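Chain and residue survey
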Amino acid sequence: HPLHIRPPFQQPSSKSSLFTELSAAPSILCDPSKSRISVQVKTDEHGMNDNSWTFFDDTGHVISSREVGTFDNEAIQEDDVCVPRCTNVTFKFYDLSGDGLEGYFLLT
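A brief structural summary. Just so we're clear, the structure is a prediction, and the values are computed from it rather than from any experiment. (Residues numbered from 1 in each chain as written. Predicted model: local features only at pLDDT ≥ 70, side-chain atom pairs only at ≥ 80, totals over all residues. Heavy atoms only, no water.)

**Examining a negative patch on the surface**
Basically, it comes down to this: Put simply, a patch holds well-exposed residues, over 30% relative accessible area, that have no salt bridge, with like charges counted together within 9 Å and Val, Leu, Ile, Met, Phe, Trp or Tyr side chains within 5 Å. Each accessible area is a Shrake-Rupley result for a 1.4 Å probe, and residues are judged covered by the shown protein chains and nothing else. Note on definitions: salt bridges are taken to be side-chain nitrogens of Lys or Arg within 4 Å of carboxyl oxygens of Asp or Glu. Under the counting rule used here, the positive set is Lys and Arg, the negative set is Asp and Glu, and His together with the chain ends is not counted. Charge positions come from single atoms, namely NZ of Lys, CZ of Arg, CG of Asp or CD of Glu. Labels follow the DSSP assignment, with helices taken as runs of H or I lasting at least four residues and strands as runs of E lasting at least two, numbered in each case from the N terminus.
There is a patch of like negative charges on the surface, built from Glu-45, Glu-74, Asp-99 and Glu-102. By the element assignment, Glu-74 lies in the loop between strand E4 (62–66) and strand E5 (76–84).

Structure below.
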């Protein structure tokens, strides 16, 4: 099932060390009408040819994506995405082979 994020995106009140580490040095700054979401993915041995993700707005238009072939195998990759504050956002993670991700994805 897709993860639905409802704006405005708010940071947790008690920050874990992982959250602090991810948010310490954002790779992008968003304009005031948008919120930054960090996407961290740890891939398995098939990540390069298997995994992708997409953010959609509430009308189904793609806000941002990372395509198959842009991940390294067995590695942690991080991306920052600016999403509109005044819309519902859907995140979808894809595993093309359907064998499951022997890693994780994390949104902060």
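**Topic: the packing of aromatic side chains**
For the record, the criterion: Planes of paired rings set the category: under 30 degrees apart is stacked, over 60 is edge-to-face and the rest tilted, where pairs are Phe, Tyr or Trp rings (Trp by its six-membered ring) whose centres lie within 6.5 Å. Any residue under 20% of the maximum accessible area for its type is buried, any over 50% is exposed, and the rest in between are partly exposed; the area is computed with a 1.4 Å probe on protein chains only.
Going through the model one piece at a time under the given rule, you end up with 5 aromatic pairs. Judged by centre distance (6.1 Å) and plane angle (35°), the ring pair of Trp-53 and Phe-91 falls under tilted. Placement of Trp-53 in strand E3 (residues 51–56) and of Phe-91 in strand E6 (residues 89–95) is noted, with a sequence separation of 38 residues between them. What makes Trp-53 buried here is its relative accessible area of 2%. Relative to Phe-105, the ring of Phe-93 has its centre 5.0 Å away and its plane inclined at 20°; by these criteria the two rings are stacked. Pair noted here: Phe-93 is in strand E6 and Phe-105 is in strand E7 (residues 104–107), with a separation of 12 residues, a long-range link. Residue classification places Phe-105 among the partly exposed residues on the basis of a relative accessible area of 38%.

**Focus on the side chain of Asp-50**
To keep it simple, the criterion reads: Whenever two N or O atoms come within 3.5 Å, that pair is a polar contact, provided that in protein one can donate a hydrogen and the other can accept it, and provided that, for residues adjacent in sequence, both atoms are side-chain atoms. Contacts between residues were defined by any pair of non-hydrogen atoms, one from each residue, lying within 4.5 Å.
Tracing the sequence through the fold places Asp-50 in helix H2 (residues 47–50). At a separation of 2.7 Å, a polar atom in the side chain of Asp-50 contacts the main-chain amide nitrogen of Ser-97. Each residue touching Asp-50, except ones within four places of it in the same chain, is listed here: Val-68, Tyr-94, Asp-95, Leu-96, Ser-97 and Asp-99.

**A look at the side chain of Asp-44**
By secondary structure assignment, the location of Asp-44 is in the loop between strand E2 (34–42) and H2. Buried and unpaired, Asp-44 has no salt bridge, with Lys-42 as the nearest side chain of opposite charge at 8.6 Å. Side-chain polar atoms of Asp-44 contact the backbone nitrogen of Glu-102, separated by 3.3 Å.

**Quick look at the nonpolar core**
Here is the rule we go by: Buried residues of nine kinds, namely Ala, Val, Leu, Ile, Met, Phe, Trp, Tyr and Cys, make up a nonpolar core once their side-chain atoms join them within 4.5 Å.
Counting residues in hydrophobic clusters, the biggest one holds 12 residues: Ile-37, Val-39, Val-41, Trp-53, Phe-55, Phe-71, Val-81, Val-83, Val-89, Phe-91, Phe-93 and Leu-107. Of all the secondary-structure elements, those providing two or more residues to this core are E2, E3, E5 and E6.

**Some words on the sheet that holds E5**
Hydrogen bonds between backbone atoms are what pair the strands of a sheet, whose relative direction is either parallel or antiparallel. Where we set the bar: Paired strands, in this sense, are two strands between which DSSP finds at least two bridges. Axis definition: a line fit to C-alpha positions, over the contact stretch in the case of helices; interaxial angles, taken between N-to-C directions, run 0 to 180 degrees.
Taken in spatial order, the 3 strands line up as E5-E2-E7 in an open sheet, and their pairing is antiparallel. Across the chains shown, the open sheet's two edge strands, defined by having one partner strand only, are E5 and E7. Here the average twist between neighbouring strands, direction ignored, is 20°. With 4 bridges connecting them, E2 and E7 associate as antiparallel partners. When the sheet's bridge partners are listed, Val-39 is paired in E7 with Leu-107.

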